[in-house]
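If you want the building blocks of each chain, they are given just below.
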Amino acid sequence: MLWEVEITPVPSEVDREGAHVVSEARRLGLGSIREVRAGKSFLIQTDADEAAIQRAAAELLVDPVVEHWKVRKLSAAAGKSANGSNGVLLNVLFKPGVTDNVALSTRQALQDSGLTTEAVSTCRTYHINGDASDAELKRLASRVLANDAIEHVITGPLHMDRISLGSGYQFQLTHVAIRGMDDKALMDLSRTGQLSCSLPEMQTIQKHYVEQQRDPTDVELETIAQTWSEHCSHKTLAGRIHYRDDERDIHFKNMLKETIFAATVEIRRRLGDADWCVSVFRDNAGVVKFDDQFNVCFKAETHNHPSAIEPYGGANTGLGGVIRDPLGTGLGAKPVCNTDVFCFAPPDTPDSELPPGVLHPKVVARGVVSGVRDYGNRMGIPTVNGAIVFDPRYIGNPLVYCGNIALIPVDQCEKRMQPGDWIVAVGGRTGRDGIHGATFSSIELDEHSETVSGGAVQIGNAIVEKMVADVVLAARDRGLYSSITDCGAGGFSSAVGEMGADTGAEVWLDKAPLKYAGLSYTEIWISEAQERMVLAVPQKHWDEFHKLCESEGVEATIIGQFTDTHRLVLKYHGEQVADLSMDFLHEGRPPVVREAVWEEGVRSQETGDRSKAPRHVAGPSTDTATGALLHILGSLNVCSKEWVIRQYDHEVQAGSVVKPLVGVCDDGPSDAAVVRPVLTSNRGLAVSCGINPHFGDLDPYWMAASAIDEAVRNCIAVGANPERIAILDNFCWGNTQRPETLGSLVRAALSCRDVAIAFGTPFISGKDSLNNEFSYVDKEGVKQTVVIPSSLLISALGQMDDVNTAVTMDAKEAGNAVYLVGETKDELGGSHLHLVRGTTGGAAPRVDLERAPKIFAAMHKAISSGLIRACHDLSEGGLAVAAAETAFSGGLGLDLDLAPLAASKLSDETLLFSESNTRFLVEVPAPRTADFEQTLAGLPVSRLGKVTHGDRLVIRSGAKMLIDAPLAELKEAWQAPLRWD
Amino acid sequence: MPAPSVCVLRAPGTNCDVETAYAFEACGGTAERVHLYRLLEDPARLKSYQILCIPGGFSYGDDIGSGVIFSRHLRGRLGEALGEFLQRDTLILGICNGFQVLLKAGILPGGHWPPPAAVDFPATLTWNLNGKYTALWTKLKVAGGKNVFLKGIDEIELPVAHGEGRIVPRDPSVIEQWKAQGQVVLQYTWREASCRAMAGAVVAAAGGGATFGGLSDDADASDGDPDALLPFPHNPNGSTANIAGLSDPTGRVLGLMPHPERFLFATQHPQWTRRKLSGEGSGMQIFRNAVEYFG
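Right, let's walk through the structure included here.

## Overview of the overall build of chain A
- Along its length, chain A carries 30 helices and 40 strands.
- In summary, chain A has a C-alpha radius of gyration of 29 Å against a globular reference of 30 Å for 981 residues, a match within 12%.
- Seen through its principal axes, chain A has C-alpha atoms that stretch 85 × 70 × 65 Å.
- Sorting the 981 residues of chain A into buried and exposed places 65% on the buried side.
- In chain A, the proportion of contacts linking residues at least 24 apart, taken out of those at least 6 apart, comes to 82%.
- Carbon together with sulfur atoms contributes 49% to the accessible area of chain A, which is approximately 33,700 Å² in total.

Structure representation (structure tokens):
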């Protein structure tokens, strides 16, 4: 029997979901939808009778203080409307095979309470006014109520008597007759099989099997495609590239190795015995020294393509995935904090401007933020730092970067797997989720992606991952396993393939625990179901390991054995389904050779359209300095992100020292987070980021330099030691098969090398996501392609000896002196002044590689000596924005005079709004000014004025008043844009 | 007097257990992080503890409702052991998810065993008025005066971080009864005055059109009555009568939504750099009170 328990809020409670649907319907112009009552249902398949279901509802499923419920028995036959109302009922159910976490928990809880069920499923219900038009209901269903990638909508009472589960699987070994194919057939196979391989790759595979005198099995082909995918092997950037620009002509054998890795090698060489890097660019995360007991790991990843299709699930599993990276680094690291950076199209984009097949950017933003929130918060990992960038070119390709920082004992940083060790899958079960995620993320999206790639969407379960992390770290400390890695893109295929690359492995696919029946051996092998880790467990430790996992309710299963055959052998119920040479798998891929060109002033046509002037800020003219400041404060990139930050737990684990929001009302924008990861030590981590795609439109070299400078100066601003800052690179670019697109990337990588060496900040890990383009056919039938702006995220991980020396950016005390540190130059190119005026021109900010490190060192000396009460970095909007933020965050006025900067011969406007790098606005206690000036001697530093008791920001130039505005007005402009409900 | 032994009870999804156990230890207690499964295997194990603490987190993902599944284990197999525990001179602390568990198990508000049937519960903790998980610092006023954990504390600043922290009683008489028995021991109150002034100025600057999270001009009129609903962010979740924490009638059980374990060190305060705070955080006193009760 199938029972439905439908739960609705009591009348005195707000029906928030219903109200949300009504307001979304109004926004979409669906005038016939006026009333919506939302509810939720549990569908319970069981032999139990109605009395038992009623009891379960009352005792377990319902909160009787705030909820009503109804129990009804469902049947397959269409009958009279069971709920008897005149309205229209829409039910939203997960598609079969999609993970339903609440249903799983509920089924277990029912079992614990004595009610045995065959299956449980959840469902959302919407009762809508009966005269709503069918066409509008259909639109509501697809645009608001359900995401077609994972859910389906059933109109009217449910007519079903059982919950659909997977059907059985009939084993059939499949070979692919690749040997006889011509080039066209090879490419058709690559496309239809979602292998995403190029022709030379397909030809190489073909040649290999001709030599083997047999055809590959389907699972062999999948394994090769996945191992060679851009996502897993970074074949473009680690490949051969011929790069040319105005000054250089370089033939790279391995571009990444010769730029970014090379910087780290050089820095380590210079450090000699003082080298503090431990493991870089080889494990799942970069590792550096922290203290005598612990090293610290950092990794950032992107999950862009899945987030475009299903923002909640994509971002949710994006964070879940990156947490597993440090957990799978060395012998496992304990997560201590998360970071997140998002790039969206403007949330006020009119629906009429949306390309077909694209979710509205506000829907994307809400979904992504909720996804990150629910994973990080549930895992008990504070999300402490991030940024959001808005640009119309992210319309089809939002970017979702997630990072994780973790601590690992100094003696647990190396894996030591031996042939003979069991291959053990720990954590979540394998299902049909995320099939082809690795190859999917290596291709361009188009308007059909949502339907074609629905299977690539994964659903996360943070609680399972938390349980896995707890038990894995306990097992690590008991020495129960010899190696560990995460199951990420490519699933078991990638995890086992990598772990066994140097030895060999045999996997028994039928042993893997499944969420439901019906998976083929290939699906088991490549599924990207979440929350799984693969461990190498020595046979002698298996019993203890298994018992430990069982004691915490975590499933651990032997699925194979590491061997010394240098082959990857897969079996299904004893039948061999794959036998691959590890060498061919990991070394057989033909080298990718690419052309890359960068010419000043020449941009690919698609990237020519820089962000349009913002539509959302009305107000004073941008011709006056005060007007321009208000507009910049209210621009999406600069405005307060409190709406996001307050949804994240940034304090769990009790290590929070400098929070993302600071100041007298806890709402000013912190430059970086400071976290004290060990409760018994005062040593701290500083976490920050830098990203500025708008400079990349002018010159990717200086964009990259600016991103590194921004990330590092943010760290410095809170008190980090410049001699201990490690950085990560995350490149998100368009289609690098175009020489100019790859050219801009290489140019950025060259900059990364130069700046990292100059700053002494080693890159310790990185990742790239290419092909971030979206194609569609417009109303005139013309194919359009939207390419994202070249987006390099630099994440910085700083350290400080004593967190008690940290400083925050809010003005502290009237009477204190205010200084500008660093040189302002005529660098308005890509600035926010241009952005709010809709103008262009000027050069992108550069970095003085000689002087910047000296400024950082002197600033650190001043901060650690207690000479500085507040410090804020200058970035978007320049001096004017930094001054405004410092003032309103502290609830104190500033009175500044630019006269001391007269020697620069720059216009007032340039002094106020130029976004030159390596600058800080600093508050110094009046009695310490001499010490401060001495510490900064020889560097550009100007005393501009003081903190006042007033409630105004005043900036003048001699006798001329430039800005005179009430703090409340500035703050309101800054807080208003993203003050969402 | 030996250090009291503390059971910090964790379930799948609990995530504040480490720092909570640390807090008890730092105050001289002997804290053990115990998995719920160990107690389910051997309920009698509860006999060896004097303090039971259910820390924050998302037990069982808060699937079905916050704290529900964890609470059903307490009501089920652990019922007898809990009844026995409550009979002894013991303390129980539920923080955030732990408070939700205590309330949904029926241990609060009554503090006695057996608890009422779920359909007869006098109150619940449900979704914040703003409909979403919210993390921010609050200022709290201690009332009632006889809860062991709050001894010597009049006011305290602590952070909240939850989605379901709004107390909703079945009817208004429930609150009256709690007040009469001194059970409403922790209430959200106005945050710093300077901030309120700022917020008022913002309202004025915006021409009165926009408000800072619903702060209205006449809000100050409610200063006198601690039960008059404060606006966000002062009352972060819309909890009835600004209730942030509840005691049982004896004062030995405390459930609270704010996190005292997130203010063990001065540097956890969001404004420590402004106020030049150093050393211990005010939240430590709540744990110290518990340990000293057995001193």
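## Focus on the overall build of chain B
- Per the secondary structure count, chain B includes 9 helices and 11 strands.
- Per-residue burial for chain B yields a buried fraction of 65% across its 295 residues.
- Sequence-distant contacts, at least 24 apart, represent 76% of the contacts inside chain B between residues at least 6 apart.
- Of the accessible surface of chain B, which amounts to about 9,700 Å², a share of 52% is contributed by carbon and sulfur atoms.

## With respect to the packing of helix α11 (residues 311-327) of chain A against helix α15 (residues 462-477) of chain A
Residue and element names in this part refer to chain A.
- Where α11 contacts α15, the two axes come as close as 11 Å, and the packing angle between them is 0°. In terms of orientation, α11 and α15 fall into the roughly parallel class. Touching Gly 320, Ile 323, Arg 324 and Leu 327 of α11 are Glu 465, Ala 469, Val 472 and Leu 473, all from α15.
- Across the contact of α11 with α15, the residue classes break down as 5 nonpolar, 1 polar and 2 charged.

## Considerations on the interface of chain B and chain A
- Facing 69 residues of chain B, the contacting portion of chain A comprises 76 residues.
- For the pair chain B and chain A, the summed buried area comes to about 5,600 Å², and 55% of that belongs to carbon and sulfur atoms.
- In this structure, the connection of chain B to chain A is made through 6 salt bridges.
- At the boundary of chain B and chain A, one finds 28 residue pairs in polar contact (both at pLDDT 80 or more).
- The element contributing the most residues to the side of chain B that touches chain A is helix α7 (residues 193-205) of chain B, with 6 residues.
- Its residues assigned to classes, the side of chain B that touches chain A shows 35 nonpolar, 18 polar and 16 charged.

## Topic: the nonpolar core
- Membership of the largest hydrophobic core comes to 102 residues, with the highest contact counts inside it found for A:Leu61, B:Leu9, B:Phe24, B:Phe70, B:Leu74, B:Leu93 and B:Trp178.
- Residue contributions to this core peak at 6 residues, all from helix α2 (residues 50-61) of chain A.
- Those residues in contact with B:Phe70 that lie beyond four places of it in its chain are B:Leu9, B:Ala11, B:Thr14, B:Leu36, B:Ile54, B:Ser59, B:Tyr60 and B:Val101.
- The next biggest cluster of nonpolar side chains, apart from the first, holds 79 residues, and it includes A:Leu237, A:Ile727, A:Val807 and B:Trp272.

## Notes on the pattern of salt bridges
- Per the counting criterion, the structure on display carries 71 salt bridges over all chains.
- Between A:Glu59 and B:Arg75 there is a salt bridge, and its shortest N-O distance comes to 3.6 Å. One end of the pair, A:Glu59, is in helix α2; the other, B:Arg75, is in helix α3 (residues 68-75), on a second chain.
- Owing to a relative accessible area of 32%, A:Glu59 belongs among the partly exposed residues under this scheme.
- A:Glu201 is the salt-bridge partner of A:Lys235, the closest N and O atoms lying 2.9 Å from each other. Within this pair, whereas A:Lys235 is found in the loop between α8 (230-233) and β7 (240-244), its partner A:Glu201 is found in helix α6 (residues 199-212), the two being separated by 34 residues in sequence.
- A:Lys235 sits in the buried class, given a relative accessible area of 9%.

## Things to note about the side chain of A:Thr264
Residue and element names in this part refer to chain A.
- Within the fold, Thr 264 resides in helix α9 (residues 255-271).
- From its side chain, Thr 264 meets the backbone oxygen of Phe 763 in a polar contact 2.6 Å long.
- If sequence neighbours within four positions are ignored, Thr 264 has contacts with Val 280, Phe 281, Pro 762 and Phe 763.

## Considering empty space enclosed by the protein
All names here are of chain A.
- For the structure on display, the rule yields 16 cavities of 30 Å³ or more.
- Empty space within the largest cavity amounts to approximately 770 Å³.
- Gly 386, Ala 387, Lys 641, Pro 669 and Ser 670 are the residues nearest the centre of the largest cavity, which is lined by 43 residues in total.
- Looking at the lining of the largest cavity, the elements that each hand over two or more residues are β12 (334-344), β13 (383-390), α21 (642-645), β28 (684-690), α22 (693-696), α23 (700-718), β35 (870-873) and α27 (878-890).
- Considering each element in turn, the lining of the largest cavity owes the most residues, 7 residues, to β13.
- Residue composition of the lining of the largest cavity, grouped by class: 21 nonpolar, 14 polar and 8 charged.

## Points about helix α16 (residues 491-499) of chain A
- The element α16(A) is largely enclosed, with a buried count of 8 among its 9 residues.
- Among the residues making up α16(A), those that are buried are A:Gly491, A:Phe492, A:Ser493, A:Ser494, A:Ala495, A:Val496, A:Gly497 and A:Met499.

## A look at the side chain of A:His832
Residues and elements named next belong to chain A.
- Mapped onto the elements of the fold, His 832 is located in helix α25 (residues 832-837).
- By relative accessible area, His 832 is classed as buried at 2%.
- Every residue in contact with His 832, bar those within four places of it in the chain, is listed here: Ile 632, Ser 635, Asn 637, Val 638, His 694, Glu 876, Gly 877 and Glu 915.

## Quick notes on the packing of aromatic side chains
- Under the criterion given, the structure shown has 24 aromatic pairs over all chains.
- Aromatic side chains B:Trp137 and B:Phe263 sit 5.1 Å apart centroid to centroid with 80° between the ring planes, which places their arrangement in the edge-to-face category. With B:Trp137 in strand β6 (residues 134-142) and B:Phe263 in the loop between β11 (253-256) and α8 (272-275), the pair connects residues that are 126 residues apart, well separated along the chain.
- Assessed through its relative accessible area of 4%, B:Phe263 is described here as buried.
- In this structure, A:Lys362 is placed above the aromatic ring of A:Trp980, and the distance from its NZ or CZ to the ring centre is 4.7 Å.
- The side chain of A:Arg676 reaches across the aromatic face of B:Phe265, ending 3.9 Å from its centre.

Conventions used here
Each residue is numbered by its place in its chain's sequence as written, counting from 1. Starting at A for chains and at 1 for ligands, labels are handed out in the order in which the entities are written. Predicted model: local features are reported for residues with pLDDT of at least 70 only, side-chain atom pairs are reported and counted for 80 or more only, and whole-chain, interface and lining totals are derived from all residues. The basis for every side-chain value is the complete set of heavy atoms in the structure, and neither hydrogens nor water enter the calculation. Each helix is a run of DSSP H or I of at least 4 residues and each strand a run of E of at least 2, with the numbering of both proceeding from the N terminus. The globule rule used here is 2.2 Å times the number of residues to the 0.38 power, and the radius of gyration it is set against is calculated over C-alpha atoms. Think of it in three bands: with a 1.4 Å probe and only protein chains considered, a residue is buried below 20% of the maximum accessible area for its type, exposed above 50%, and partly exposed in between. The contact rule is simple, with two residues in contact once any of their heavy atoms fall within 4.5 Å. Accessibility throughout is a Shrake-Rupley quantity obtained with a 1.4 Å probe, and a residue counts as covered only by protein chains that appear here. Axis angles are defined between N-to-C directions and span 0 to 180 degrees, where every axis is a line fitted to C-alpha atoms and, for a helix, only to the segment in contact. When an angle is under 35 degrees it counts as roughly parallel; over 145 it counts as roughly antiparallel; between 65 and 115 it counts as roughly perpendicular; any other value is oblique. Just so you know the grouping, Ala, Val, Leu, Ile, Met, Phe, Trp, Tyr, Cys and Pro go in nonpolar, Asp, Glu, Lys and Arg go in charged, and all remaining residues, Gly too, go in polar. The buried area of a pairing is the accessible area, by a 1.4 Å probe, that goes missing from both parts when the two are put together, added over both. Salt bridges are counted wherever a side-chain nitrogen of Lys or Arg sits within 4 Å of a carboxyl oxygen of Asp or Glu. Polar contact is defined as a pair of N or O atoms within 3.5 Å, subject to the rule that within protein one atom must be able to donate a hydrogen and the other to accept it, and that residues adjacent in sequence are counted only when both atoms are side-chain atoms. Buried residues of nine kinds, namely Ala, Val, Leu, Ile, Met, Phe, Trp, Tyr and Cys, make up a nonpolar core once their side-chain atoms join them within 4.5 Å. For each structure, a 1 Å grid was placed over the protein atoms alone; sets of points admitting a 1.4 Å probe that cannot get out are labelled cavities, open sets with protein on both sides within 12 Å along at least five of seven lines are labelled pockets, and lining residues have an atom within 4 Å of a point. Grid points are joined across faces, edges and corners, and a volume is the space filled by probe spheres set on the points. Centres within 6.5 Å make a pair out of two Phe, Tyr or Trp rings, where for Trp the six-membered ring is used; the pair is then stacked when the planes are under 30 degrees apart, edge-to-face when over 60, and tilted otherwise. The criterion is that NZ of a Lys, or CZ of an Arg, lies within 6 Å of the ring centre and within 35 degrees of the ring normal, and then a charge sits over that ring.

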